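Tertiary structure, described
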Amino acid sequence: MLFPKKVKHRKWNRGRGRNKGRVAQSCNEVNFGEYGLKSLDESWVTARQIEAARRAVARSIKRGGKIWIRVFPDRPVTFHGNENTMGGGKGAVDHYVTVVRPGTMIMEMAGIDEAVAREALRLASHKLCVRTTFVKKV
């Protein structure tokens with residue numbers, strides 16, 4: 001699973017959501033491969049979801065071609081636990097997520113034909129918590 005080796009701050013604030021619904025300004029085009037999986041929604045995508053999508057793609061293309069994962073989960077999410085009394089500080093880091101905005105390119109592929117790529121990215125999209133679309137390099 002993906003997670004940062006070293007972080008400057010172990011626990012982050014959640015944020016206010018004032019940029020909600022804003023379209024991605026960077027990482028929004030197919031740059032490395034020929035085909036891509038682009039998000040249509042905004043959400044936090046966990047490291048587990050990214051790994052499950054990567055495995056689904058790798059299994060589908062039978063280890064042919066090349067895959068690029070364009071997102072990295074660097075945002076820590078804390079969890080205080082159930083049946084704990086209030087107080088005692090913030091909970092421990094539970095998992096890592098990445099913020100995916102509408103238009104963010106999540107994965108890219110190259111070296112295979114379009115029908116295989118479309119099917120592989122369709123399988124990957126079922127593992128993610130955002131609506132996605134298949135895009136080709138222009």
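We now turn to the structure provided with this report. (Residues numbered from 1 in each chain as written. Predicted model: local features only at pLDDT ≥ 70, side-chain atom pairs only at ≥ 80, totals over all residues. Heavy atoms only, no water.)

Quick look at the sheet that holds strand β5 (residues 92-100)
Pairing within the open sheet is antiparallel, and its three strands lie in the order β2-β5-β4. Whereas interior strands pair on both sides, the edge strands pair on one side only; in this sheet they are β2 (43-46) and β4 (75-79). The mean inter-strand angle of the sheet, taken between neighbouring strand axes irrespective of direction, is 50 degrees. Across five bridges, the pairing between β4 and β5 is antiparallel. (Pairing = 2+ DSSP bridges. Helix = DSSP H or I, 4+ residues; strand = E, 2+ residues; numbered from the N terminus. Axes fitted to C-alpha atoms, helices over the stretch in contact; angles between N-to-C directions.)

Digging into helix α2 (residues 114-125)
Over its 12 residues, α2 runs 16 Å from end to end, which matches the ideal 16 Å to within 8%, given 1.5 Å per residue. For α2, the elements touching its buried residues are β1 (35-39), α1 (47-60), β6 (105-110) and β7 (132-136). (Expected span 1.5 Å × (residues − 1). Contact = heavy atoms within 4.5 Å.)

A few points about the packing of α1 against α2
The geometry of α1 relative to α2 is characterised by a closest axis approach of 8 Å and an angle of 155 degrees between their N-to-C directions. Compared by their axis directions, α1 and α2 come out roughly antiparallel. Once α1 is placed against α2, the crossing between them reads as right-handed. Judged by residue contacts, Ala53, Ala56, Val57 and Ser60 of α1 engage Glu119, Ala120, Leu121, Leu123 and Ala124 from α2. (Parallel < 35°, antiparallel > 145°, perpendicular 65-115°, else oblique. Left-handed = near helix turned anticlockwise from the far one by under 90°.)

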